[in-house]
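Architecture at a glance
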Amino acid sequence: MDVNELYERGLKLRRQLFGNKAVEERMNALGEFGKPLQNIVNAYAYGDIWNRPGLPLKIKSLAMLGITAAINRPQEFRVHMNGALNNGCTPEEIREILLLVALYCGIPAANEAHRIAYETINERLAGKA
C-alpha cells in the first residue's frame, strides 16, 4: 500500500475515532508548519498501526489512555479519552486503566488523568461533547 492510501485510510479512521471537528482542529493547529507531522500521524499512526487487525480498537484506546496518562500528556489524553468512549470503552474500564497508572507510574499522573476522564465522561453525559 502506498503512502497516499495509508494517509486516506488513516484520515478516515481518525475521523471515525475522534470526529471531523476534532481532527480538523488538530490537523490545522500548526498550519503549513505542522502539515508534515499530520501526514505522518494520518499515514503511519492511523493508516498503518491503528488499522492493524491484532487488537480491537477498544483495546487500543485503553492502551493509549494508559500510555498518555503515564507520560503525562493531558492534551493527548483528552483526545484519546473521547476516542475511547467512541470505541465503546466504559467509565469503569477507563478507571481500571487509570488505577494501574497510579500504581505503576505514580499518583500525580493518575490524578491528572482521572480529572480529565471525569470531565470528559460528564461532558458526554450532559451532551456537550
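Residues numbered from 1 in each chain as written. Predicted model: local features only at pLDDT ≥ 70, side-chain atom pairs only at ≥ 80, totals over all residues. Heavy atoms only, no water.

All right, on to the overall build of the protein then. Counting its regular elements, the protein contains seven helices and zero strands. Ordered by position from the N terminus, the helices and strands of the protein form the series α-α-α-α-α-α-α. Against the compact-globule benchmark of 14 Å for 129 residues, the protein has a radius of gyration of 15 Å, which places it among compact chains. The buried share among the 129 residues of the protein stands at 36%. Sequence separation of at least 24 residues holds for 67% of the intrachain contacts in the protein that already meet a minimum separation of 6. Carbon and sulfur atoms make up 59% of the accessible area of the protein, which amounts to about 7900 Å² in all. Here the protein holds 16 positive side-chain charges and 14 negative ones, and the gap between their average locations is 2 Å. (Helix = DSSP H or I, 4+ residues; strand = E, 2+ residues; numbered from the N terminus. Rg over C-alpha atoms; globule rule 2.2 N^0.38 Å. Buried < 20%, exposed > 50% of the residue type's maximum accessible area, 1.4 Å probe, protein only. Contact = heavy atoms within 4.5 Å. Areas by Shrake-Rupley, 256 points an atom, 1.4 Å probe, with all protein chains shown as cover. Lys, Arg positive; Asp, Glu negative; His and termini not counted. Charge placed at Lys NZ, Arg CZ, Asp CG, Glu CD.)

On to helix 3 (residues 31-49). Taking 1.5 Å of rise per residue, the 19 residues of helix 3 would be expected to cover 27 Å, and the 25 Å separating its terminal C-alpha atoms lies within 8% of that figure. Of all the positions in helix 3, only G34, Q38, V41, N42, A43, Y46 and G47 are classed as buried. Its buried side turned inward, helix 3 meets helix 1 (3-18), helix 2 (20-28) and helix 5 (74-86). (Expected span 1.5 Å × (residues − 1).)

Phi is positive for N72, which is not a glycine, with a value near 55°. One can find N72 in the loop between helix 4 (57-70) and helix 5.

Attention now moves to the pattern of salt bridges. Oppositely charged side chains are able to pair whenever their charged atoms sit close together. This structure, assessed with the given rule, holds seven salt bridges. Here K58 and E93 are joined by a salt bridge, their closest N and O atoms 3.0 Å apart. In this pair, K58 sits in helix 4 while E93 sits in helix 6 (residues 91-105), placing the two residues 35 residues apart along the sequence. Looking at E93, the relative accessible area reads 27%, which means it is partly exposed. Taking the shortest distance from any N to any O, the salt bridge between R115 and E119 comes out at 2.7 Å. (Salt bridge = Lys/Arg side-chain N within 4 Å of Asp/Glu carboxyl O.)

As a further point, take helix 7 (residues 107-125). Between its first and last C-alpha, helix 7 extends 26 Å over 19 residues, near the 27 Å set by a 1.5 Å rise per residue. Of the residues making up helix 7, those classed as buried are A109, A110, A113, I116, A117, T120 and I121. Along helix 7, the residues classed as buried sweep out an arc of 135° about the axis, all on the same side. In this structure, helix 7 carries I107, P108, N111, Y118 and L125 as exposed residues pointing more than 90 degrees from its buried face. Along its buried surface, helix 7 packs onto helix 4, helix 5 and helix 6. The first or second residue beyond helix 7 is G127, which carries a positive phi of 80°. (Arc of directions from axis to C-beta.)

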